[in-house]
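Spelled out from the first residue to the last, the chains are:
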Amino acid sequence: MSTDKKATSALISVFHKDGLAPIIKRLHELGITLYSTGGTEKFIKDLNIPVIPVEDITSYPSILGGRVKTLHPKVFGGILNRQDHEGDQVQLAEFEIPQIDIVIVDLYPFEKTVASGAPEQDIIEKIDIGGISLIRAAAKNFKDVVCISSMEQYDAFLDILNKQNGSTTLAQRKHFATQSFQVSSHYDSAIFNYFNEDQQIPALKISVQNGTTLRYGENPHQQGQFYGEFDQMFEKLHGKSLSYNNLLDVDAAINLMQEFQSEAPTFAILKHNNACGLAQRETLSEAYTDALAGDPTSAFGGVLIANRTIDVATATKIHKLFCEVVIAPAYEAEALTILQGKKNRIILKLKNFDLATTSVRTCLNGYLVQDKDLKTDQASDLQTATIIHPTANEIEDLLFASKICKHTKSNTIVLAKNKQLCASGTGQTSRVDALNQAIVKAQHFGFDLTNAVMASDAFFPFPDCVEIAHNVGIHAVIQPGGSIKDQLSIDYCNAQNMAMVFTGIRHFKH
């Protein structure tokens, strides 16, 4: 038995009318009876197409300022009846309920109203009641009814109308039903999250409508998807599609450069989510040169980011390096042309954006949610723990190193000098190992660590790290403090005329 259904009637109640007219005209051409109410009914009449008001079905007017229009058994009976169920059909005839085969709804724009900063009462009035009920009813009865639940589906439905003359297959109806439940669940999640801002009910509701299938996940044997509004943050000017690992590096780069957004020209190079080069100079070209000097080996295939417009001088240098992604707030026209010389190089232009203030990650059979680490150490936060105080230049370097440290995988030690990253030890199980890794790396690339500074993401339980640092010429240290054995490190620094400051804030990053 065929599961195709040829529609004879449609109920239309939408907020957005864009793209609706061709559907209405096609439905009329196919002889399908149209029912509607309110603004949609007027829209159809203005097209000189006959439409039956819902009030003629229900014998009840729209009431309560339009809050109640379609919520009536004669409407929902027409949608929810099972066309192959004898009892349902007897009741439809008994109560003079018309069959409804198509439901087209576009909900009140709740999220856009919230985003606009509208007052609470306006937001509440944009919570759709009738529309969401129509969607759920029609989607539930997909065996007999086709449900179009968003203006985003208009084109696909019109194509079916044109090709199939008002008929739909069971697979098509089920597909639209699936989309409908996605629309309704997303809508309800947005409403809950709005109400829960000041209620703090311990429930996690995440719903993102736009998903992109990636070439693969972290490795080629893994599938990967990205869910989010990438185009709200970036304009992609050139290059191949971003991979799963590209996106992670871009995220790390954006969060790191936020620390230097309003400062002097700064350039960073990242690899595997960690900075392998970062420098701040009078010009962006100089900043790039010194960032690259931090680790020219790891920079190969890295993600590059600047806090200034990339000029020709900087682009010419970058073009000599194989890199996956370049990110900047703007590009000089000639600089962009230079960078586009590599066909696969991804070039992103930053837009004005707001980063999320919470982070979510899977854990065991659930999720971990936390506030993001939005604390940036400031000079006013520093408490000098030693007899010797850091100089003004050392304080600048200490804060510079602390910002990098905050965005480097724990355990980490960051070494910096004259606002240039000399090296970092990243993701080590021992803080001593992280320091030794950083020293070896810095010396390998020719850095003289005399008068460099050291930053640690967590406290020193023993004086071993400050002793190792002193032995290579480091004279200033920044760390959170808070160990019951802080005094051991303080005493060593005092004995060696080193300066050490406490921030009182730990910056673990796992």
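Structural notes, computed from the coordinates. Please read these numbers as outputs of a predicted model, since none were measured by experiment.

Further remarks concern the pairing of strand 2 (residues 9–14). Regular strands place their side chains on alternate faces of the sheet. With respect to burial, strand 2 is a largely interior element, six of its six residues being buried. The alternating pattern of strand 2 places Ser9, Leu11 and Ser13 and Ala10, Ile12 and Val14 on opposite faces, both of which are buried. Pairing of strand 2 with strand 3 (residues 33–36), which is carried by four bridges, proceeds in the parallel orientation. Note on strand 3: the bridge partner recorded for Ser9 is Thr33. One ladder, built from five bridges, connects strand 2 with strand 5 (residues 102–106); its direction is parallel. Each bridged residue has a counterpart across the sheet, and for Val14 the counterpart in strand 5 is Asp106.

Enumeration over the complete set of coordinates arrives at 10 aromatic pairs. Taken together, a centroid distance of 5.8 Å and an interplanar angle of 80° make the contact between Phe110 and Tyr194 edge-to-face. With Phe110 in helix 6 (residues 110–115) and Tyr194 in helix 10 (residues 170–195), the pair connects residues that are 84 residues apart, well separated along the chain. Grouping residues by exposure puts Phe110 and Tyr194 together as buried. Plain terms: the ring middles of Phe300 and Phe322 are 4.9 Å apart, the flat faces sit at 45° to each other, and that makes the pair tilted. Remark: Phe322 occurs in the loop between helix 14 (312–318) and strand 14 (323–328) and Phe300 occurs in the loop between helix 13 (284–294) and strand 13 (302–306); sequence separation between them is 22 residues. A relative accessible area of 40% places Phe322 in the partly exposed class. Members of the aromatic cluster, joined through ring pairs, are Phe110, Tyr187, Tyr194 and Phe195. Across the ring face of Phe192, the terminal group of Lys205 is positioned such that the distance to the ring centre comes to 5.9 Å.

Put simply, Ser410 and Asn411 share a cis peptide bond, and its omega is -15°. Within the element layout of this structure, Asn411 appears in the loop between helix 16 (392–406) and strand 19 (413–416). Despite not being glycine, Glu96 shows a phi value in the positive range, around 55°. Tracing the sequence through the fold places Glu96 in the loop between helix 5 (86–94) and strand 5. Here the phi dihedral of Leu364 falls at roughly 55°; this positive angle occurs in a residue that is not glycine. Assignment of secondary structure puts Leu364 in the loop between strand 16 (358–363) and strand 17 (366–371). Taking the relative accessible area as the measure of exposure, Leu364 reaches 87% and is therefore exposed.

To continue, consider the side chain of Gln479. Mapped onto the elements of the fold, Gln479 is located in strand 22 (residues 476–479). Each residue touching Gln479, except ones within four places of it in the same chain, is listed here: Ser456, Ala458, Phe459, Phe460, Asp486, Met500, Val501, Phe502 and Thr503.

Moving on, we get to the sheet that holds strand 10 (residues 234–238). Taken in spatial order, the six strands of this open sheet run 10-15-14-13-11-12, and their pairing is mixed. Strand pairing shows two members of the sheet lacking a second neighbour, strand 10 and strand 12 (274–280), which therefore form its edges. With direction set aside, neighbouring strand axes in the sheet form an average angle of 20°. In this structure, strand 14 lies alongside strand 15 (residues 346–350), joined through four bridges in parallel fashion. Opposite Ala328, over in strand 15, you have Lys349 as the bridge partner. In this fold helix 13 packs onto strand 11 (266–271), strand 12 and strand 13, with an angle of close to 30° to the strand it touches most, strand 11.

Turning our eyes to something else, we now look at the sheet that holds strand 5. Across a sheet, strands are paired by hydrogen bonds formed along the backbone, either parallel or antiparallel in direction. Here we have five strands laid out as an open sheet, ordered 4-3-2-5-6, and parallel in their pairing. Two strands in the sheet have a free side with no partner beyond their single neighbour: strand 4 (52–53) and strand 6 (146–148).

Attention shifts here to the packing of helix 18 (residues 464–471) against helix 19 (residues 486–495). The contact between helix 18 and helix 19 brings their axes to 8 Å, and the two run at 20°. Here helix 18 lies roughly parallel to helix 19, going by the angle between them. For helix 18 against helix 19, the interelement crossing comes out right-handed. Between helix 18 and helix 19, the residues in contact are Val466, Glu467, His470 and Asn471 and Ser489, Tyr492 and Cys493, respectively. For the contact of helix 18 with helix 19, a count of residues per class yields three nonpolar, three polar and one charged.

Before going further, it helps to examine the nonpolar core. Within the largest apolar cluster, 39 residues are counted, with the highest numbers of intra-cluster contacts made by Ile327 and Leu348. Among the elements that line this core, the one with the most residues is helix 12 (residues 244–258), at seven residues. Sequence-distant contacts of Ile327, that is, excluding residues within four places in its chain, are made with Phe234, Val250, Ala253, Ile254, Val303, Leu304, Ile305, Ala306, Leu348 and Leu350.

What helix 19 keeps buried is the set Asp486, Ser489, Ile490, Tyr492 and Cys493. Taken end-on, helix 19 shows its buried residues confined to a sector of 165°, consistent with a single buried face. Considering only its buried residues, helix 19 is in contact with helix 18, strand 22 and strand 23 (499–502). Immediately beyond the C-terminal end of helix 19, within one or two residues, lies Asn497, with a positive phi of roughly 60°.

A separate point is helix 9 (residues 154–164). Three or more residues of helix 9 are buried, namely Tyr154, Phe157, Leu158, Ile160 and Leu161. Along helix 9, the residues classed as buried sweep out an arc of 160° about the axis, all on the same side. With respect to the buried face of helix 9, the exposed residues turned more than 90 degrees away are Asp155 and Lys163. Buried residues belonging to helix 9 abut strand 2, helix 1 (21–29), strand 5, strand 6, strand 7 (167–168) and helix 10. After helix 9 finishes, the residue Asn165 shows a positive phi value of roughly 55°.

Scoring rules and cut-offs
Residues numbered from 1 in each chain as written. Predicted model: local features only at pLDDT ≥ 70, side-chain atom pairs only at ≥ 80, totals over all residues. Heavy atoms only, no water. Buried < 20%, exposed > 50% of the residue type's maximum accessible area, 1.4 Å probe, protein only. Helix = DSSP H or I, 4+ residues; strand = E, 2+ residues; numbered from the N terminus. Pairing = 2+ DSSP bridges. Phe/Tyr/Trp six-rings, centres within 6.5 Å; stacked < 30°, edge-to-face > 60°. Lys NZ or Arg CZ within 6 Å of the ring centre and 35° of its normal. Contact = heavy atoms within 4.5 Å. Axes fitted to C-alpha atoms, helices over the stretch in contact; angles between N-to-C directions. Parallel < 35°, antiparallel > 145°, perpendicular 65-115°, else oblique. Left-handed = near helix turned anticlockwise from the far one by under 90°. Nonpolar A, V, L, I, M, F, W, Y, C, P; charged D, E, K, R; others polar. Core = buried A, V, L, I, M, F, W, Y, C linked by side-chain atoms within 4.5 Å. Arc of directions from axis to C-beta.

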